[in-house]
Amino acid sequence: MAQHIVFIVHAAPYGSERCLSALRVANTLAGRDDAPEVKLFLMSDATVVGLPHQHDGAGGGLQAQVEQLVQAGASIRLCRTCALARGLAELTLIDGVSIGTLPELGDWIMAADKVITF
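Being a predicted model, the structure only gives us computed values, none of them experimental. (Residues numbered from 1 in each chain as written. Predicted model: local features only at pLDDT ≥ 70, side-chain atom pairs only at ≥ 80, totals over all residues. Heavy atoms only, no water.)

A. Molecular detail of the overall build of the protein. A tally of regular secondary structure across the protein gives four helices and five strands. Reading the protein from its N terminus to its C terminus gives the helix and strand order β-α-β-α-β-α-β-α-β. Relative to the compact-globule value of 13 Å for 118 residues, the protein shows a C-alpha radius of gyration of 13 Å, a close match. Expressed as lengths along the three principal axes of its C-alpha atoms, the size of the protein is roughly 40 × 30 × 25 Å. Within the span of the protein, comprising 118 residues, buried residues form 41% of the whole. For the protein, long-range pairs separated by at least 24 residues make up 75% of all intrachain contacts whose partners lie at least 6 apart in sequence. As displayed, the protein offers around 6400 Å² of accessible surface, 51% of which is attributable to carbon and sulfur atoms. Between the averaged position of the 8 positive side-chain charges in the protein and that of its 12 negative side-chain charges there is a distance of 5 Å. (Helix = DSSP H or I, 4+ residues; strand = E, 2+ residues; numbered from the N terminus. Rg over C-alpha atoms; globule rule 2.2 N^0.38 Å. Buried < 20%, exposed > 50% of the residue type's maximum accessible area, 1.4 Å probe, protein only. Contact = heavy atoms within 4.5 Å. Areas by Shrake-Rupley, 256 points an atom, 1.4 Å probe, with all protein chains shown as cover. Lys, Arg positive; Asp, Glu negative; His and termini not counted. Charge placed at Lys NZ, Arg CZ, Asp CG, Glu CD.)

B. Quick look at unusual backbone geometry. The phi angle at Ser44 is positive, at roughly 50 degrees, despite the residue not being glycine. Take Ser44: it is sitting in the loop between β2 (37-42) and α2 (61-71). Residue classification places Ser44 among the partly exposed positions, given a relative accessible area of 23%. The backbone phi angle of His53 is positive, close to 65 degrees, even though this residue is not glycine. Residue placement: His53 occurs in the loop between β2 and α2.

C. Region of interest: the pairing of strand β4 (residues 97-100). Sheet topology places strand β3 (residues 75-79) next to β4; four bridges connect them, and they run parallel. From the neighbouring strand, Ile76 faces β4, where its bridge partner is Val97. Between the parallel pair β3 and β4, the chain is carried across by helix α3 (residues 80-85), and the sense of this crossover is right-handed. (Pairing = 2+ DSSP bridges. Right-handed = clockwise from strand over helix to strand, strands pointing away.)

D. Spatial organisation of the pattern of salt bridges. Applying the stated criterion across every chain, the model contains four salt bridges. For Arg32, the salt bridge is made with Asp34, and the minimal N-O distance between the two is 2.7 Å. The partly exposed category is assigned to Arg32, whose relative accessible area is 43%. Between Arg86 and Asp45 there is a salt bridge, with its nearest N and O atoms 2.8 Å apart. A residue pair is termed long-range when its members are at least 10 positions apart, and Arg86 in the loop between α3 and β4 and Asp45 in the loop between β2 and α2 qualify at 41 residues. (Salt bridge = Lys/Arg side-chain N within 4 Å of Asp/Glu carboxyl O.)

E. Seen up close, α2. Looking only at α2, the buried set comprises Leu62, Gln63, Gln65, Val66 and Leu69. Summarising the axial view, the buried residues of α2 lie within an arc of 160 degrees, below the 170-degree limit, and thus occupy one face. Looking at the buried residues of α2, the elements they touch are α1 (18-30), β2, β3 and β4. Of the residues trailing α2, Gly73 is marked for its positive phi of about 95 degrees. (Arc of directions from axis to C-beta.)

Spelled out as structure tokens, the structure:
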């Protein structure tokens, strides 16, 4: 039976490598032969990761990481409150990324075998 792993990311996508590290670890787990169910909840400034066509000076690695997670079947949500506060809720998101709620995150946490925060 597959494990259920929830990633909660608060780190801004630029300025440190915490957000990138979260995406890399999530992709590493999602790509395993015994892949767990991976869920990623982006909060605070991490919600910006859900926007497409960003150029980070390093080849757009964050969007590629998100798309790889989506392709692997991961669920990815942006905190609704955080997205609204940053004017992101009505913008086009990367395919497979959607707005989520704290009750949804609460359900994810209760069903999770592991919760990892960045």
